[in-house]
Amino acid sequence: MEYSSVFQGQRSTRSAFLPFALPHITQAEIDEVVDTLRSGWLTTGPKTKRFEREFAQRVGAPHALAVNSATAAMHLALDAIGLQPGDEVIVPVYTFTATAEVVVYFRARPVLVDVDPVTCNIDSAQLEKHITARTRAIMVVHIAGLPAEMDAIHALAKAYSLPVIEDAAHAFPAKYKGRTIGALSDFTAFSFYVTKSLATGEGGMLTTAHSEYAERIAMMTLHGISRDAWKRYTSEGSWYYEVLHAGYKYNMTDIAAAIGLQQLARSEWLLERRRAIARRYTEAFSHLPELETPPDPAHVEHAWHLYMVRLRLERLTLTRDAFIQALTKANIGSSVHFIPLHLHPFYRDMYHLAADDFPAALGAYRRVISLPIYPGMTDEDVEDVIAAVERIIGAHRK
Ligand SMILES: Cc1ncc(COP(=O)(O)O)c(C=O)c1O
C-alpha cells in the first residue's frame, strides 16, 4: 500500500535542499489529531492509554508507559531501580548525551565503555572490566537501529545481578535473534522525537516486564500522584489525590499519542521504506572502496533509523568535514552520529577523559557520515544522494 506524505511535492528537483530527516505525516495523523482537538481532551487521556496498549502489544512487552521523551523514560528507569549518589552505571561512550546525563541527574557516575569499531555498539568484551562493587545498571544503545549483542550483555548482567536498560531511541522496530527490541531487558526506552522512525514531535515510551516498576514509573511520570491521576477530571475520577513522592512532569499528551497511534499502525510500511532505501544505498556504495557501508548481520532486524557510512580517509584527499560541506553544496542534508561523549567539555572535564581513552569511538567518529533515510524520500531523492556521494568521491580519490 502507498501512503502519501503531506510533505511530498515540496522538493522535487535537487535545486531544492534535501533535508537530512523529515517525519512521515499523512492525512491519517492529521485526522487523528483533529479528532483529539475536537474531543476536548488534549493531555494524557484515552488516546495515550490506547497508544500504550497498542505499543506494548507491538513490541511484546507486558507494560508500556508513555512519556514525553526517551530521556524522561531513562530517568524514570533509573529512579525505579533506586539509583543513589555515588553509584555507577555502565554507559557506552558512543551515544547522545541523554543516555549519560540521566545518570548524572542522580549524582551518580556514568562509567563510559568503548564500542565495537564496526557496529559502534557497546563492546561487550570490554564491559566486564568496568563493573565494580558500585555498579547498579548496564545501559545499552542500539546505534542507528542496529541491535547490540544482547546475549553477551544479558549473560554479564545475570552474572553480576545488574538490571539492563536499553536506550532504544533508534531501535523501533528492531529485532535481536527474532525477539523484538522492547521485550528483552528490564527496561527499554524509545524516542518519538521528530527525526525518529516513529515520530510524535516529542515523546517516548518505557517498556518493562516488571509490574512493580511499571506502577512506580506511572506514578513518578505525573508528580508522584497515585496511578490514575490523569482521570481525576472525569466522571470515573475523584478530586481527591495524594502525593506519595516528589515526582516529575513527564506525561505524554493525547495530541502526541494521536500522531503515535497512526504512525504505529503504519510502522511495518515505514520500516519497509527505510529498509528499501538502505538496500539501495548499500548496493550502490558496495562498488566504492572509499566507503564502508553499515553492518546488517543476519541475526538482527535493523530499524534503519540512521544510515551511517564510514569514509576510508586513507583513500581520499578530503576530510569528513569537507565531505559534509560538499554534500551541503550538492543540496544534500547529512549529519554526524555521534560526537563521542568523552570529547564533549562536560564529560571530558568532569571525568578527566582524554581523546584517545576510547580509540574505537574516536576512530568511528572521525570517519562517519549519516545520510538521509526516511520514508518520504522519493526514489529520485535516493538516487540524488547516491550521485552526489559518487561525484564527491570521484573528485577526491587518491
Ligand atoms: C541514542 C539516543 N538516546 C536518547 C535520545 C533522546 O531522545 P529524546 O529526545 O526522546 O529524549 C536520543 C535523541 O536523539 C538518542 O539519539
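Here, the structure is the one placed above.
On a predicted model such as this, the values are computed, not experimentally measured, just so you know.

Draft legend 1. Local environment of the packing of aromatic side chains. The full count for this structure, using the stated rule, is 17 aromatic pairs. Seen from their ring centres, tyrosine 3 and tryptophan 269 are 5.1 Å apart, and the 75° between their planes marks the pair as edge-to-face. Here tryptophan 269 lies in helix H9 (residues 267-285) and tyrosine 3 lies in the segment before helix H1 (27-39), a separation of 266 residues in the sequence. Note on phenylalanine 51 and phenylalanine 55: the rings are 6.2 Å apart at their centroids and 75° apart in plane angle, and the pair reads as edge-to-face. Placement of the pair is phenylalanine 51 and phenylalanine 55 together in helix H2 (residues 46-59), with a separation of four residues, close to one helical turn. The burial state of phenylalanine 51 is the same as that of phenylalanine 55; both residues are buried.

Draft legend 2. H2, seen in detail. Compared with the 20 Å implied by 1.5 Å per residue over 14 residues, the 20 Å span of H2 between its first and last C-alpha is a close match. All of the buried residues along H2 are Lys47, Thr48, Phe51, Glu52, Phe55, Ala56 and Val59. Seen along its axis, H2 keeps its buried residues to an arc of 170°; they face one direction. Relative to its buried face, H2 has exposed residues pointing more than 90 degrees away, namely Arg53 and Gln57. Tucked into the core, H2 has its buried residues touching H1, strand E1 (63-67), strand E7 (179-180), strand E8 (187-191), strand E9 (204-208) and helix H8 (254-265). Following H2 by one or two positions, glycine 60 has its phi on the positive side, about 75°.

Draft legend 3. Broad picture of the site of the ligand. Taken together, 16 residues surround the ligand, and among them Thr71, Asp167, His170, Ser191 and Lys196 come closest. Contacts to the ligand include threonine 71, whose side-chain N or O atom sits 2.5 Å from an oxygen atom. Take aspartate 167: an N or O atom from its side chain is 2.6 Å from a nitrogen atom of the ligand. Within the complex, 90% of the 390 Å² of free accessible area of the ligand lies under protein.

Draft legend 4. A look at the sheet that holds strand E3 (residues 109-113). Read across the sheet, seven strands follow the order E1-E9-E8-E5-E4-E2-E3 without closing on themselves; strand pairing throughout is mixed. The open sheet has two edge strands with one neighbour each: E1 and E3. Direction aside, neighbouring strands of the sheet carry axes that sit 20° apart on average. By the bridge criterion, four bridges tie strand E4 (residues 135-141) to strand E5 (residues 164-167) in an arrangement that is parallel. Bridged to valine 141 within E5 is aspartate 167. In the packing of helix H3 (residues 70-80) onto the sheet, the strands contacted are E1, strand E2 (88-92), E4, E5, E8 and E9, and the crossing angle to E8 comes to about 165°. This element, helix H6 (residues 150-159), spans E4 and E5 of the sheet and lies at about 150° to E5.

So, how was this worked out
- Residues numbered from 1 in each chain as written.
- Predicted model: local features only at pLDDT ≥ 70, side-chain atom pairs only at ≥ 80, totals over all residues.
- Heavy atoms only, no water.
- Phe/Tyr/Trp six-rings, centres within 6.5 Å; stacked < 30°, edge-to-face > 60°.
- Helix = DSSP H or I, 4+ residues; strand = E, 2+ residues; numbered from the N terminus.
- Buried < 20%, exposed > 50% of the residue type's maximum accessible area, 1.4 Å probe, protein only.
- Expected span 1.5 Å × (residues − 1).
- Arc of directions from axis to C-beta.
- Contact = heavy atoms within 4.5 Å.
- Near = heavy atom within 4 Å.
- Polar contact = N/O pair within 3.5 Å; in protein donor to acceptor, adjacent residues only side chain to side chain.
- Areas by Shrake-Rupley, 256 points an atom, 1.4 Å probe, with all protein chains shown as cover.
- Pairing = 2+ DSSP bridges.
- Axes fitted to C-alpha atoms, helices over the stretch in contact; angles between N-to-C directions.

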